[in-house]
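Descriptive analysis of the structure
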Amino acid sequence: MKILLTGAAGQLGHALRQHTPAGIELIATSRSGDGGADPGGGGLLPLDLADAGACRAAVLTHRPDWVLNGGAYTAVDRAESEPELALAVNGGAPRAFAEALLETGGRLLQVSTDFVFNGQQGSPYRPEQGRDPLGAYGRTKAAGEEAVAQLLAASGQGVILRTGWVIGPVGKNFALTMLRLHRERGARGQALGVVEDQVGCPTSTATLGAACWRVITANVQEPVLHWCDAGAASWFDVAVAVGELAQELGLLQQPAPVNPLTTAEYPLPAQRPSYSLLDCSSSRRTLQLAPTPWRQALRRLLEAVQ
Ligand SMILES: NC(=O)c1ccc[n+]([C@@H]2O[C@H](COP(=O)([O-])OP(=O)(O)OC[C@H]3O[C@@H](n4cnc5c(N)ncnc54)[C@H](OP(=O)(O)O)[C@@H]3O)[C@@H](O)[C@H]2O)c1
């Protein structure tokens with residue numbers, strides 16, 4: 001089976017390449033063809049997701065059984081000042097893939113986000129619920145979902161897999177940033193301030209990658225799936241857990257004290273959903289994958305940090 005993977009130099013892309021199932025021919029692409037922050041990267045095909053023509057051509061040339069669109073414009077705050085580029089990447093690329101796949105007959109796995117919801121309902125979002133994003137990033141990812149649904153729903157060629165708070169052992173993410181800050185400040189007893197009134201669930205690239213591969217190898221027909229690690233957490237909870245687990249694992253001597261902040265005390269350009277838990281129960285049954293508690297997944301991630 002031939003898979004065209006985008007975002008291969010990103011954190012999810014790294015996990016997908018590390019655990020590619022047997023029997024899969026992977027055509028791994030990144031923006032420039034290099035591995036980016038991924039130390040194991042390199043040898044990738046260049047594919048600019050902002051170039052719809054190039055996305056279409058990649059499908060028509062390689063005729064993959066699946067496009068696994070793991071690449072995205074993920075800079076949530078920068079998207080507020082670069083909405084056109086974010087839309088080209090997050091909305092234009094999935095549309096172009098979907099259009100080309102209608103010609104070739106392959107399928108599309110579009111990785112999406114909890115940020116397509118407004119976070120105001122106070123209970124986990126189910127896959128079939130309507131989108132109502134708060135910021136530019138969420139709007140552009142919602143546009144990508146809409147293109148996939150509009151073009152591929154009738155033929156059943158598209159699957160949207162939403163996730164949230166993605167963290168992995170390589171790349172840029174909240175867990176690695178907290179590890180660095182704990183290391184820098186812990187020894188000096190300097191505190192970190194972290195937001196505690198936004199709740200979601202951290203999701204490791206290891207379990208997310210396994211879910212993506214399961215969609216493909218099981219040829220799942222469900223149009224929208226949710227995948228996160230199990231439980232709920234605030235950013236504050238995750239920051240504290242990173243310090244505790246890193247100390248247990250000998251990655252640092254002394255974690256920094258963590259002070260809880262409100263969102264209003266830590267203003268950022270993009271508004272974020274305050275409660276963006278995803279209800280993954282039906283998707284876990286569909287994928288036949290057991291959930292991993294987020295703290296356990298975080299521990300495994302930290303064990304893999306070099
Ligand atoms: N990170 C999260 O917390 C989170 C939460 C929910 C959902 N998601 C979704 O999960 C998926 C994987 O995210 P991730 O965390 O692995 O993100 P990531 O580490 O930022 O990786 C995204 C990759 O996409 C690439 N990319 C961006 N613009 C591109 C372009 N124009 N052409 C080609 N490649 C481009 C980036 O390359 P550059 O490094 O060169 O920009 C990067 O390698 C995405 O669909 C994202 O929307 C992520």
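Above this text sits the structure in question.
Residues numbered from 1 in each chain as written. Predicted model: local features only at pLDDT ≥ 70, side-chain atom pairs only at ≥ 80, totals over all residues. Heavy atoms only, no water.

1. Concerning the site of the ligand
The environment of the ligand is formed by 23 residues, the closest being Arg31, Leu49, Thr74, Tyr137 and Lys141. Side-chain polar atom of Lys141 to an oxygen atom of the ligand: 2.8 Å apart, as the coordinates give it. Its free accessible area being 890 Å², the ligand has 80% of it covered by the protein chains. At the level of secondary structure, the elements contributing two or more residues to the shell around the ligand comprise helix 1 (11–18), strand 5 (107–113) and helix 4 (136–152). Examining the composition of the shell around the ligand, we find that three residues originate from one element, strand 5, more than from any other. (Near = heavy atom within 4 Å. Polar contact = N/O pair within 3.5 Å; in protein donor to acceptor, adjacent residues only side chain to side chain. Areas by Shrake-Rupley, 256 points an atom, 1.4 Å probe, with all protein chains shown as cover. Helix = DSSP H or I, 4+ residues; strand = E, 2+ residues; numbered from the N terminus.)

2. Describing the nonpolar core
Ranked by internal contacts, the top residues of the largest apolar core, which has 64 residues, are Phe97, Leu108, Met178, Val194 and Leu298. When residues of this core are traced back to their parent elements, those giving at least two are helix 2 (52–62), helix 3 (83–104), helix 4, helix 5 (174–186), strand 8 (192–195), helix 7 (235–248) and helix 9 (294–303). Those residues in contact with Val194 that lie beyond four places of it in its chain are Phe174, Met178, Trp235, Phe236, Ala239, Val258, Asn259, Pro260 and Leu261. Ranked by size, the runner-up nonpolar core spans 26 residues in total, among them Ala8, Leu12, Trp66 and Leu287. (Core = buried A, V, L, I, M, F, W, Y, C linked by side-chain atoms within 4.5 Å. Buried < 20%, exposed > 50% of the residue type's maximum accessible area, 1.4 Å probe, protein only. Contact = heavy atoms within 4.5 Å.)

3. Let's talk about the packing of aromatic side chains
If you walk through the whole model with that rule in mind, you get four aromatic pairs. The interplanar angle of 5° and the centroid separation of 4.2 Å between the aromatic rings of Phe117 and Tyr125 together place this pair among those described as stacked. The exposure class assigned to Phe117 is buried, which follows from its relative accessible area of 1%. The class for Tyr125 is buried, based on a relative accessible area of 4%. Look at Phe174 and Trp235: their rings are 4.7 Å apart centre to centre, the planes differ by 55°, and that puts the pair in the tilted class. Here Phe174, found in helix 5, pairs with Trp235, found in helix 7; they are 61 residues apart in sequence, far enough to count as distant. (Phe/Tyr/Trp six-rings, centres within 6.5 Å; stacked < 30°, edge-to-face > 60°.)

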